[in-house]
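So the chains spell out like this:
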Amino acid sequence: MLGLKVYLEVKWLLLTELTGTSRGRMEDSSGLLTTEREPVPLKSIEVELEVRDHVATLVSTLLYENKEDKPLEAVFVFPLPGDAAVCHFSAKIGQTQIVAEVKEKQEAHEEYDDALSSGQQAFLLEESDQSPDIFSLSVGSLPPGESASIRLEYVTELAVQADDGLRFCLPAVLNPRYQPQGSEGGSVQVTSVPASLVPYSLSFSAWVSSPRPISKVESNCSLDPLQYLNTEQTQATVKLAAGHKFDRDVELLIYYKDAHQPTAVVEAGQASAKPGTLMGDPVVMLSLYPEFPQAVMSSVASCGEFVFLIDRSGSMDCCMGNSNQQETRIGSARDTLLLLLKSLPMGCYFNIYGFGSSYQHIFLKSVEYNEKTMEEALKKVEEMDADLGGTEILEPLKHIYSQPCIPSQPRQLFVFTDGEVENTKEVINLVRDNSGSHRCFSFGIGEGASSALINGLAKEGGGHAQFITGTDRMQPKVMQSLRFALQPAVVDISVTWDLPKAVSVTVLSPPITAIFQGQRSLIYAQLTGQSPEAAEGCVTVKYSLAGHASQNQLRFSLKPAEDTGLTVHRLGARTLIRSLEIEDGEEQEQDGVKQKVVELSVQSGVSSSFTAFIAINKGDGQAIQGPLLFRNDLMLGCSLRDFSLGFDEDSCDSGFGGFGWSHKFGASFQSHGKSVKKKLKSVFSRVGGFFNGGQKASCQSNETDLSEDAAFKPKQPPRDPLLQLVSLQEASGCWVLDPALAAALGKTSEELDKPKPASVNKEVWATILALIWLHGFKSDVQDEWELLAMKAVSWLRAQKSPCVTECIEAGNALLGCEVQKDALVI
C-alpha cells in the first residue's frame, strides 16, 4: 500500500504542476504550464540528421516564444548522447542572427550576467560538470511577445550493434539523477508530462549516405517508407511518420551491406586555420574491424571471475519498453541471470551484487562455480526485487575492487542499470583506475539510461556497452557480451603508421585497450606536412591473441575526401578533449590540462566541461524594460517528451519528503547581482529527486488501477518454456530425466522413458532430448542458449556414450523434430 500511496501523491503533484490546482482551489503560477493555461516558451523542435557511413551530424532547431507580459529568462536542461561533440550554437531573433562563440566557462558566465544586467538578450549553452551527456541552455531577456529560434548542432559516432546495425539515439528522457548521500546540493522531483499534454511539436528527418548500399533502416518509432535517392541505393532519406507520441527515445538502426569493411576518411584542414594546428592540418579517421582466426573463436575460456552488479532501485519495477507487455525490468534481469549462470564454465568463479541506496552480495567473496553454488545463487536471484531505493553505484564498485583478484581467473564485471547518477565522472574514473585488473561490460536498460555512464564504464573498463530499449530483449545482448568475455583477452596491442617522409602523425585517440571479434575500433590522427597527390598511408594494428601474434592492416589514400565539412576534425577534437578531461582534478591544475582543453575547445568550436557557448544580441543598444521572470525548465534534449523542474529558492525544506516540491514552477526576480553560475549549478546538482530513503519515483503508466485493493506491482507473466527448460540444466551442462523435464518438453515421464535406448544412461538421454528441443523449437533465439548448449555438448562428449545417433533419431521421433546430428555438433 505504501507504493500505491506514493504513486497517488506523485500523480497529484504532477496534476497540480500541470494545471495550477491545489487541493481545493486554483492557484496562479508563473511556471511551465499546459496549453489550457499559459503556454511554455518552447513551441516546436525540428531535427535534421545527416548520416555519412558511421558518423552522424544532427541539427536541431528549437523555437521559443515569450507570451508572458514581462521579459523572460528560461533555463532548459536536456540530454545529449554522451559522446556527442556540440559544435555549433546560434540564435535568430526576428531577422537578427547571432552565432555563439566558445569561451572559458567562467568568462562566459560573466558575459551572460553582464548582458542580462544591461537589458541585452543573451544565450548560454554549457555541459554539466558531473556528466558529459547533460547540457543546460539559458535563454535570457526574451522580451514579451518575442520569438527566438535556437539552432544546435552536434556530431557523434554511431555504435555498432550485435546484428551489425549502426545505432543512432535521440534521447527523449532525462531520468532523475540520483544524488549520493552526503554530496552537496539539494534535490527536487523531476516529473514527466504525459505525451498527450506535450505542448510543442517535433519533426524528425534523416539523410543517410555510405560507400556501401543501404540495406534497411529500422526504428522503435513508426517511420515513413525509406526513400532511395540513387539506383546504387547508397543514399536514402527517411522521416518519422505522422502522429509520433513523444513518449520514447527516437532510435534508428541503419544497416549497410558488407558492414565489416575497414575504411579511412581523410578530411582537409580548415582554410582559415594555421597549418600545424589541429584545425589547420588534415585529420584521418580509421575504422577497423579486426577478424580473429576461426579456431580461436570456436573455443571459449574455461576460467574467469564473473561479477554481476544488478540495479535493484525502485524504477527497475517499471515495465520493459513502451508496449503493454507485463515483464518488468527486474524480472527480465532475473531471467537474464538464469541464462548467465547456466552458461558459465565449470571451474570459474562468480558473485552477484544488487545495489540501490545500499548494496548486497550473495556471497562474501566470489566462489567457485559448481552445482551447489549455482543453485544457491539461483534461489537468491528468484528473491531479487526492485526494493533497494536509489542508485548509488559507486560504493558497491569500490567494494568489488577492494576484493583481491583470483590468480589465473581474469575478472569480468557485468553492470546492469536503468538509472543515472549525478557523479558519473567519479564512477567512470573509478573504473578507469581499476582497468588493469578487469574488463567491464555495461547494460543500459530502458529509455533514458545515461549513455555517458554506460559507454564510459565499458570504454574505461575495456569491455563492451549495450542498450536495451523499446521492445528489445535483454537476453541476446547480454549473452553476446558473455561471449566476448569468454573470448581470450587481446593483449600487447600496438598501432604503427607508414607514411611519406614529409608527413608526420599525431594520434588524437587514446590507446586501444580492447578488441573484440567483429567490433569496430576507431582511430583519429592529425597529419602534418605536405604529401604528393597520389600518396598513400598504411596503418597496422598488431596484437596477441591466445598466444598467437596477429595483425590487421589498412592502406588508404592521403587525398582528402570531398563534402565532409569539419566533421572528422570535430570528432577528433572531441576525442582528445575527453581524454584530457578524465585526468584527476589535481593533475588538471598541475599539468595545465585545463588550459589545453580550453584552447582546444575554443580552436575547434567543440564543447567541453571547461567551456561554454555564449551569444549576446547587442542589437540597437536599447535595454529591455521590465522585471526579469526566471523560469527553470527541464526538457528533453532535442526532445520528444517534456520534463519540468519545479524550483524556488526556499523550497528545499518545505516539500514532500523533504526534497523541495514547489506548487509554483518559477520565481520572478531581478537578475541583477544574481550569478547564472549559481543558478545552473543548482539546476544541475538538483536534477534527481527521490523520496525519503532514496526511493525512486515509480514509472508513469497511461492506465493505473487506483482502487485500494489494486496490486501496484505489475503481474509477472508465466515463465517462458525456454527458461523453464534452461532452469533444469545442471551446472555441469547435463539434464536429469525427471518429471520436471518431461513437463518442460510437453510430455509425460512415461513418454520420455519408453523410447530411451537400453544402453544409454538417463542423463545422456535427457541431455540429447533437451538439445533437440532447443534446436527444433527455439532456433530463432539460438544466441540466448548457444553457450549453455555448448556446455551440454562438451559434457556429452566427455561421457563417450554409445548409440548417440540412435538417441537422436529416437528423440526426433518423440518430439516431432528433424534435427540432424551435425547441427548438434556432438
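Structure report, in brief. Remember, predicted model here, so these are calculated numbers, not experimental data.

Rules and cut-offs
- Residues numbered from 1 in each chain as written.
- Predicted model: local features only at pLDDT ≥ 70, side-chain atom pairs only at ≥ 80, totals over all residues.
- Heavy atoms only, no water.
- Disulfide = S-S within 2.5 Å.
- Buried < 20%, exposed > 50% of the residue type's maximum accessible area, 1.4 Å probe, protein only.
- Helix = DSSP H or I, 4+ residues; strand = E, 2+ residues; numbered from the N terminus.
- Pairing = 2+ DSSP bridges.
- Contact = heavy atoms within 4.5 Å.
- Salt bridge = Lys/Arg side-chain N within 4 Å of Asp/Glu carboxyl O.

### Looking at the state of the cysteines
Disulfides are covalent bonds that link the sulfur atoms of two cysteine residues.
Right, on to step 1. With the rule as written, the count across this model stands at zero disulfides.
Right, on to step 2. Of all cysteine sulfurs, the one in Cys 803 lies closest to Cys 807, which takes part in no disulfide; the gap is 6.4 Å.
Right, on to step 3. When its relative accessible area of 0% is taken as the criterion, Cys 807 is described as buried.

### Considering the pairing of strand β34 (residues 611–617)
Right, on to step 1. Taking burial as the measure, the seven residues of β34 include six buried ones, the bulk of the element.
Right, on to step 2. Bridge count between strand β6 (residues 101–104) and β34: four bridges; the pairing is antiparallel. Each residue of the ladder has a partner; that of Val 102, found in β34, is Phe 613.
Right, on to step 3. In this structure, strand β7 (residues 121–127) lies alongside β34, joined through six bridges in antiparallel fashion. Paired with Ala 122 across the strands is Ile 616, a residue of β34.

### Thoughts on the environment of Glu 146
Right, on to step 1. Turning to its location among the elements, Glu 146 is positioned in the loop between β8 (134–142) and β9 (147–157).
Right, on to step 2. Measuring from C-alpha to C-alpha, the distance between Glu 146 and Tyr 64 comes to 8.4 Å, with 82 residues separating the pair along the chain.
Right, on to step 3. Excluding residues that lie within four positions of it along the chain, Glu 146 makes contacts with Tyr 64, Glu 65, Asn 66, Ile 93 and Gln 121.

### Topic: the pairing of strand β1 (residues 42–52)
Right, on to step 1. Pairing analysis gives 10 bridges linking β1 to strand β2 (residues 55–65), with the strands arranged antiparallel. Among the inter-strand pairings, Glu 48 is bridged to a residue of β2, identified as Val 59.
Right, on to step 2. Counting the residues between successive antiparallel strands, the hairpin from β1 to β2 contains two residues, one of them, Asp 53, with a positive phi of roughly 60°.

### So, the sheet that holds strand β11 (residues 166–170)
Right, on to step 1. Reading across from one edge, β10-β11-β18-β15 is the order of the four strands in this open sheet, with antiparallel pairing throughout. Single-partner strands in this sheet number two, and they are β10 (159–160) and β15 (214–219).

### Describing the pattern of salt bridges
Right, on to step 1. In this structure the tally under the stated criterion is 19 salt bridges.
Right, on to step 2. In this structure, Glu 50 engages Arg 52 in a salt bridge whose closest nitrogen and oxygen atoms are separated by 3.0 Å.
Right, on to step 3. On the accessibility criterion, Glu 50 (32% relative accessible area) is partly exposed.
Right, on to step 4. On the basis of relative accessibility, which here comes to 31%, the residue Arg 52 falls in the partly exposed class.
Right, on to step 5. The shortest N-O distance in the salt bridge between Arg 483 and Glu 786 comes to 3.7 Å. Residue Arg 483 is found in helix α9 (residues 474–486), and its partner Glu 786 is found in helix α18 (residues 782–799); the two are separated by 303 residues along the sequence.

Nothing here speaks to function; it is geometry throughout.
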